[in-house]
Amino acid sequence: MNRTENFRSPLLGTAMARADMGDTVVETDRPGQPHRGKVFAAVHAHLDDVPRYAAGLCAKLIREGYTGYLIRTTNDEKCGGQSTAQNILRNEQEHFKVAAAIGCKDVFELYYQNHEMDAVSSLDIRGRLIFLFRFLKVDTVISFSPWGPGEENPDHWVTGRVVEEAAWMSGMPNDFPEHMEAEIQVHSVGERYYFHAQPGQAFNRVIDIGSHIEKKIASLVECRSQGGGNLGSLLRARLANEGKRLPLLGNDDRTADREYVRQFLLDDEREYAQAHNLAFAERFYYIDQRQLAKSKVDEYVEKNVVPL
Amino acid sequence: MRRRGFLGRFMTTGMALSGTAALPTPLTAQEAQAQRANLPTRFTPAAYANPPSKFNPFATPDYYTYADDLAIERNQPGKPHQGKVLAAIQAHSDDIPLFAGGLVAKLVDEGYTGYLIRISNDESAGRTLGHGVVQNEIDNQEVARALGCKKAFSFYYRNHRMDDCAEIEIRARLIFLFRVLQVTTIVAMDPYNHYDENPDHLVAGRAAEAACWMAGGPKDYPEHYKAGLKPARIREKYYHARSPQGHNLVNRIVDISSYIDHKTRGNVANQGKGPAGSSGSRLRDELSKRGKRLPLLGNDHDTADFQYVKHFLMDDWRILGEKFGLGYGEAFRYIGPAPDYRGNISRYVDQHSVPL
């Protein structure tokens, strides 16, 4: 059963404390800035991962008060159609533009070798993410599902796995206790949104991104080295050479790229939305591990405690 | 004789380093030993045997190879190292006290701020694994205190299994600490320690060596800089050997005569393992049960522990020091600050530039 719910309670209520099982929840826009003071880290392996799977969610959370950071784990050297070195530079430059398009405050690059992250020490990656989660005081992570089937790219599942591990360990004082020497304190990550990146991957949350679709498109068009961000202008140029034009693509390259993305690259988002009478949606596997205000023991003690 | 040539170079170049002095007397002990060897006269020895005291299983290694610019580092008056930061890195709680405790105490006394970093959890020593880990954790703190270090850190990797750890992670943690503590000098196990049977030593040495270099770089772990950390410029390294299998290149002998009691106390602090700890008081108790006493061990446990360590376990460093005319000595492969290449070129340009 699918259920549409606009979260009215900031802490979701105890009944919703763990939404990692059961019904699919549709998360629509929330008025005001209910997340003010909270921080998310969107961790992807490649330039176009967050734009493709989660840019709408990121834009929505920032609009609702989150401070967002974008972390890329690889150097994207294999993508861009140029030399390996030039690919690294172009993807690096475009990554900053993607973060700006979404509204992220800052960008971090770990530059592990593209397509080869399964040979990298996951301990090193995890250690760096723990450092960042603590330093940035990350409350929520957005990344690949560590357990999602169908991921042929090892960078994806390695990134998802280390994000999950780091999100847990960043709250534990005996992991990397030397961080405290720099006054970087332990910090627990309470919420996780894992991408629905491939058919068959689990999801339990549908995000209404209708009012954020322009930002998602803006982030996608910055993905020119990979992700199809410049396909519109390339098509427009080809047609012009043939003495033709496609009205959809407008009169300039920027419009062509944006409209190409809107017309051809958002079919999944439309399909995910359709079942919920929305315009555009993204899917996630959401896990809420925030501490409940009162534990079952607290509640029991409160009800049953008697004077000595 | 070639040997004399070697010693001649040794003595003239040994004066080059500031704060150091050349060997004042010939290596009579080594020459005497060489005469006992079966080495034909046409060969020049490439390594020199260290006669052991046979009191300590973990002392000076079997052989040293001495560089011809070997220098003796003696006490320096005042606090010449004020403002500098020392990281003494050890795999186990007894490594630094045994092999470099005198040096660490000396440098701290001369102004360094010292930190002790232990890489393993020392679980392989103790009544049970749990007891061993706890005792060695305490010991590491006590060693730091005995040597004058400001603070001790432990990474707690599994003892004797560090070759199964991700070296890159250990290195990353050291880079972080070097940056946050602004380390300028390290003391560590020689990463090229020949014949070392303990993998923890080699891993710790390699990780420390690589971390020294990378801690100063802008592109390694740049996220540290966004968190306000600064690059660490490690300008000096002291690598120590590990006995008994070692064969190490040595270019610095440190006179630790004034710090032998600090070194002794650092070793007494190792209650959880190693040859020191409370061995003296245990021997005293055992003799007492047999109706005997050893005057050396005094009248209480503290004295017994101290005297046992100083008399028996420090003897190898006395023998080493004696070769160089010192009371006690420790041997190191020392790597000093890199030359000011750019400054040298600038000075050359200034001196030799002519008008167009």
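Keep in mind the model is a prediction, meaning the values are calculated, not measured. (Residues numbered from 1 in each chain as written. Chains lettered and ligands numbered in written order. Predicted model: local features only at pLDDT ≥ 70, side-chain atom pairs only at ≥ 80, totals over all residues.)

Trainee: Go over the overall build of chain A with me, naming the residues and quoting the values.
Mentor: The helix and strand inventory of chain A stands at 10 helices and 9 strands. In terms of overall dimensions, chain A is globule-like: its C-alpha atoms have a radius of gyration of 21 Å, near the 19 Å expected for 308 residues. Each principal axis of the C-alpha atoms in chain A carries an extent, and together these give about 95 × 45 × 35 Å. Taking all 308 residues of chain A together, 47% fall into the buried category. In chain A, of all internal contacts separated by at least 6 residues, the share reaching a separation of at least 24 is 76%. (Helix = DSSP H or I, 4+ residues; strand = E, 2+ residues; numbered from the N terminus. Rg over C-alpha atoms; globule rule 2.2 N^0.38 Å. Buried ≥ 20, exposed ≤ 12 C-beta atoms within 10 Å, placed from the backbone. Contact = placed C-beta atoms within 7 Å.)

Trainee: Account for the interface of chain A and chain B, naming residues and giving values.
Mentor: Counting residues at the interface gives 14 residues for chain A, matched by 13 residues for chain B. The biggest single contributor to the side of chain A that touches chain B is helix α4 (residues 122-136) of chain A, with 7 residues. Tallied by class, residues from the side of chain A that touches chain B come to 8 nonpolar, 2 polar and 4 charged. (Nonpolar A, V, L, I, M, F, W, Y, C, P; charged D, E, K, R; others polar.)

Trainee: So what's going on with the pairing of strand β3 (residues 39-44) of chain A? Which residues, and what values?
Mentor: Residue and element names in this part refer to chain A. Most of β3 sits out of view: 5 of its 6 residues are buried. Looking at chain direction, β3 and strand β4 (residues 67-74) are connected through 6 bridges and run parallel. Its bridge partner lying in β4, Val39 is registered against Thr67. Of the strand pairs in this sheet, β3 and strand β6 (residues 140-143) are connected by 3 bridges, and their pairing is parallel. What sits directly across from Ala42, in β6, is Ile142. (Pairing = 2+ DSSP bridges.)

Trainee: Tell me about the pairing of strand β3 (residues 63-73) of chain B, residues and numbers included.
Mentor: Residue and element names in this part refer to chain B. The sheet contact formed by strand β2 (residues 48-49) and β3 spans 2 bridges and is antiparallel. Paired with Ala49 across the two strands is Tyr63, which belongs to β3. Bridge count between β3 and strand β9 (residues 247-255): 7 bridges; the pairing is parallel. Note that in β9 the partner of Tyr66 across the bridge is Val250.

Trainee: Explain the packing of helix α3 (residues 84-102) of chain A against helix α6 (residues 213-221) of chain A to me, and be specific about the residues and the numbers.
Mentor: All names here are of chain A. As a packed pair, α3 and α6 sit with axes 8 Å apart at the nearest point and diverge in direction by 175 degrees. Judged by the angle between their axes, α3 and α6 are roughly antiparallel. Listed contacts from α6 to Val98, Ala101 and Ile102 of α3 are Lys215, Ala218 and Ser219. Taken together, the residues that form the contact of α3 with α6 break down as 4 nonpolar, 1 polar and 1 charged. (Axes fitted to C-alpha atoms, helices over the stretch in contact; angles between N-to-C directions. Parallel < 35°, antiparallel > 145°, perpendicular 65-115°, else oblique.)

Trainee: If you had to explain helix α2 (residues 55-63) of chain A to someone new, which residues and values would you point to?
Mentor: All names here are of chain A. Here α2 lies mainly inside the structure; 8 of its 9 residues are buried. Among the residues of α2, Ala55, Gly56, Leu57, Cys58, Ala59, Lys60, Leu61 and Ile62 are the ones counted as buried. Downstream of α2 by a residue or two, Gly65 has a phi angle that is positive, lying close to 120 degrees.

Trainee: Explain the nonpolar core to me, using residue names and the numbers behind them.
Mentor: As a rule of thumb, nonpolar side chains are buried together in soluble globular proteins. Among the nonpolar cores identified, the biggest contains 87 residues, and Ala87, Ala88, Val104, Phe178, Val187 and Ala204 of chain B are the most heavily contacted of them. Excluding anything up to four places from it in sequence, Val104 of chain B contacts Leu86, Ala88, Ile96, Gly114, Leu147 and Val187 of chain B. In this structure, Ala45, Ala55, Leu132 and Ala256 of chain A belong to the second largest nonpolar core, which totals 79 residues. (Core = buried A, V, L, I, M, F, W, Y, C linked by C-beta atoms within 7 Å.)

Trainee: Please provide a residue-by-residue account of the environment of Gly325 of chain B, values included.
Mentor: Locating Gly325 of chain B in the fold gives a position in the loop between α11 (315-323) and β10 (329-335). C-alpha of Gly325 of chain B to C-alpha of Asp255 of chain B: the two residues are 70 residues apart in sequence and 9.4 Å apart in space.

Trainee: If you had to explain the confidence of the model for chain A to someone new, which residues and values would you point to?
Mentor: Predicted confidence across chain A gives a mean pLDDT of 92, with 93% of residues reaching 70 or more. Counting interchain partners and residues more than four positions distant, the pLDDT-below-50 stretch residues 1-20 of chain A has 32 contacts. (pLDDT = per-residue confidence, 0-100.)

Trainee: Tell me what's going on with the packing of α2 of chain A against α6 of chain A, and back it up with residues and numbers.
Mentor: Residues and elements named next belong to chain A. Between α2 and α6, the shortest axis-to-axis distance is 8 Å and the interhelical angle comes to 125 degrees. Relative to α6, the element α2 is oriented oblique. α2 and α6 meet at a crossing whose hand is right-handed. Together, Ala55, Gly56 and Ala59 of α2 and Ile213, Lys215, Lys216 and Ser219 of α6 make up the contact between the two elements. Its residues placed into classes, the contact of α2 with α6 shows 3 nonpolar, 2 polar and 2 charged. (Left-handed = near helix turned anticlockwise from the far one by under 90°.)

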